[in-house]
Amino acid sequence: MDSVSQFVLGASVVMAVRGRRSPLWQSALCGGLIATLPDLDVFIDHGDAISNMTLHRTESHSLFWLTLISPLLGWLIARVVRQKAAWQSWWLAVWLALITHPLLDLMTVYGTQLAIPFSHFPWAVGSVYIVDPLYTLPLMIGLVIALWRQRTGWNQLGLLLSTLYLAWSVVAQGIAGHQVNRELANQQIDHQQVLVTPTPFNTLVWRVVIMTPERYGEAWVSLLSPQRPLQVHWHSRHAELYRPLQEDRWVKRVAWFSHGFFAMQQRQDGALTISDLRMGENESYIFTFNLGSATARNPHPSREPSSRDSLATSFQQLWQRL
């Protein structure tokens, strides 16, 4: 998720573990900084846009490697804050702050390779949007009140509410998925895969991506309108572009990372593009890559700029879909 959520989660976790054995501001600051460490991998340039996307949330988000490094970080922090005798308690706090980072990222649709070195599979639950104030605000409010009133109970309450919200998101995703499957059966729509993931800032309106070999469909379902028929907007996947390139290094990489939710296009200038359909909508996707032309391939694929709606437009769309 976003850096603010990760910082606040780390701060809350360390404060909950340390309690009053350390000054609350100290626990919060150390926890927030520790929880930010895994995302520093965004500053690593792997040489091309596709590698940068698919190699984010890899070793730095591995539960195995984070567990191995946590004793050293716990020992270092205990020395810095002059609590050498309490380094084991700091070890536990650091470990929890580190591993809750990839576990929270797991709830988004992006893909987190948290089983490295045993597996490079990009795990994704996809029940929470990458920025969701309804998750972050309880954490932030509980943390701020705890620091202000010097009562850790508020922090625990914020952690509880935010965790319950994550649990609700999984339940809501299941309800939305049930609505989608029912409508697909009623409308007799043949499909290979279906993705159900939340729209920005909420868990009431869900975006649906329906994959077939030749095309993909987009639709939206609202938990407040469970009987509304599913209206699917279909787009071509341009399978004729994919077939001759299915063994191409970059095409295979995007197809693997997106779990098959991808499409290709050919622009008017002849350039071939491939898009990860899981993030974005209406043929404007966050991750679209220029592969070059069919005869002159781009050895270093670049990322195409994507148009984004204003915040006001996003909320207007959310209201309409609700």
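Below is a short write-up of the structure. (Residues numbered from 1 in each chain as written. Predicted model: local features only at pLDDT ≥ 70, side-chain atom pairs only at ≥ 80, totals over all residues. Heavy atoms only, no water.)

## A few points about helix 7 (residues 152-186)
Next up, step 1: With 35 residues, helix 7 should cover 51 Å at 1.5 Å per step; its first-to-last C-alpha distance of 52 Å lies within 8% of that length.
Next up, step 2: Glutamine 188 occupies a position one or two residues after helix 7 and carries a positive phi of about 55°. (Helix = DSSP H or I, 4+ residues; strand = E, 2+ residues; numbered from the N terminus. Expected span 1.5 Å × (residues − 1).)

## Concerning the packing of helix 1 (residues 3-18) against helix 5 (residues 87-106)
Two quantities define a packed helix pair, namely the angle between the axes and the distance from one axis to the other.
Next up, step 1: At a minimum axis separation of 9 Å, helix 1 and helix 5 run at an interaxial angle of 150°. By crossing handedness, the relation of helix 1 to helix 5 is classed as right-handed. Side by side, helix 1 and helix 5 meet where Gln6, Leu9, Gly10, Val13, Val14, Val17 and Arg18 of the first sit next to Ser89, Trp90, Leu92, Ala93, Leu96, Ala97, Thr100, His101, Leu104 and Asp105 of the second. (Axes fitted to C-alpha atoms, helices over the stretch in contact; angles between N-to-C directions. Left-handed = near helix turned anticlockwise from the far one by under 90°. Contact = heavy atoms within 4.5 Å.)

## So, empty space enclosed by the protein
Next up, step 1: Evaluation of the coordinates by the stated rule reveals 1 cavity of 30 Å³ or more.
Next up, step 2: Considering only enclosed or pocket space, the largest cavity measures out at about 50 Å³ in volume.
Next up, step 3: Contributing to the lining of the largest cavity are Gln179, Arg182, Glu183, Trp220, Val221, Ser222, Ser225, Pro226, Arg228, Pro229 and Leu230.
Next up, step 4: Those elements giving two or more residues to the lining of the largest cavity turn out to be helix 7 and strand 3 (215-222).
Next up, step 5: Split by residue class, the lining of the largest cavity holds 5 nonpolar, 3 polar and 3 charged. (1 Å grid on protein atoms, 1.4 Å probe; cavity = no way out; pocket = protein on both sides within 12 Å on 5 of 7 lines; lining within 4 Å. Points joined across faces, edges and corners; volume = space filled by probe spheres on them. Nonpolar A, V, L, I, M, F, W, Y, C, P; charged D, E, K, R; others polar.)

## Digging into the sheet that holds strand 9 (residues 288-292)
By definition, the strands of a sheet pair up through backbone hydrogen bonds, in either a parallel or an antiparallel sense.
Next up, step 1: Pairing within the open sheet is antiparallel, and its 4 strands lie in the order 5-6-9-10. Strand pairing shows two members of the sheet lacking a second neighbour, strand 5 (262-266) and strand 10 (297-303), which therefore form its edges. Neighbour-to-neighbour, the strand axes of this sheet turn through a mean angle of 20°, independent of strand direction.
Next up, step 2: As paired strands, strand 5 and strand 6 (residues 272-276) are joined by 5 bridges and run antiparallel to one another. Following the sheet pairing, glutamine 265 is matched in strand 6 by threonine 273. (Pairing = 2+ DSSP bridges.)

## Examining the pattern of salt bridges
Next up, step 1: Per the stated rule, a full pass over the model turns up 8 salt bridges.
Next up, step 2: Measuring nitrogen to oxygen at the nearest pair gives 3.5 Å for the salt bridge that ties arginine 57 to aspartate 105. Within this pair, whereas arginine 57 is found in the loop between helix 3 (49-54) and helix 4 (63-80), its partner aspartate 105 is found in helix 5, the two being separated by 48 residues in sequence.
Next up, step 3: For arginine 57, a relative accessible area of 3% gives the class buried.
Next up, step 4: Its relative accessible area of 0% is what places aspartate 105 among the buried residues.
Next up, step 5: For glutamate 218, the salt bridge identified is with arginine 207, shortest N-O distance 2.8 Å. Of the two residues, glutamate 218 sits in strand 3 while arginine 207 sits in strand 2 (residues 205-211), which places them 11 residues apart along the sequence. This pair shows no difference in class: glutamate 218 is buried, exactly as arginine 207 is. (Salt bridge = Lys/Arg side-chain N within 4 Å of Asp/Glu carboxyl O. Buried < 20%, exposed > 50% of the residue type's maximum accessible area, 1.4 Å probe, protein only.)

## Points about the sheet that holds strand 3
Next up, step 1: Read from one edge to the other, the open sheet built from 4 strands follows the order 1-2-3-4, with strand pairing classed as antiparallel. The sheet is open, and its two edges are formed by strand 1 (193-198) and strand 4 (233-236), each paired on a single side. Each neighbouring strand pair of the sheet contributes to a mean axis angle of 20°, computed without reference to strand direction.
Next up, step 2: Bridge analysis of strand 1 against strand 2 gives 6 bridges, and the strand direction is antiparallel. Pairing of leucine 195 across the sheet is with valine 209, part of strand 2.

## A word on the layout of surface pockets
Next up, step 1: Looking at the second largest pocket, its volume works out to about 290 Å³.
Next up, step 2: In terms of lining, the second largest pocket is formed by 17 residues, of which the most central are Gln265, Thr273, Ser275, Glu283 and Thr288.
Next up, step 3: Mapped onto the lining of the second largest pocket, the elements with two or more residues apiece are strand 5, strand 6 and strand 8 (284-285).
Next up, step 4: Top element by residues in the lining of the second largest pocket is strand 5. It accounts for 3 residues.

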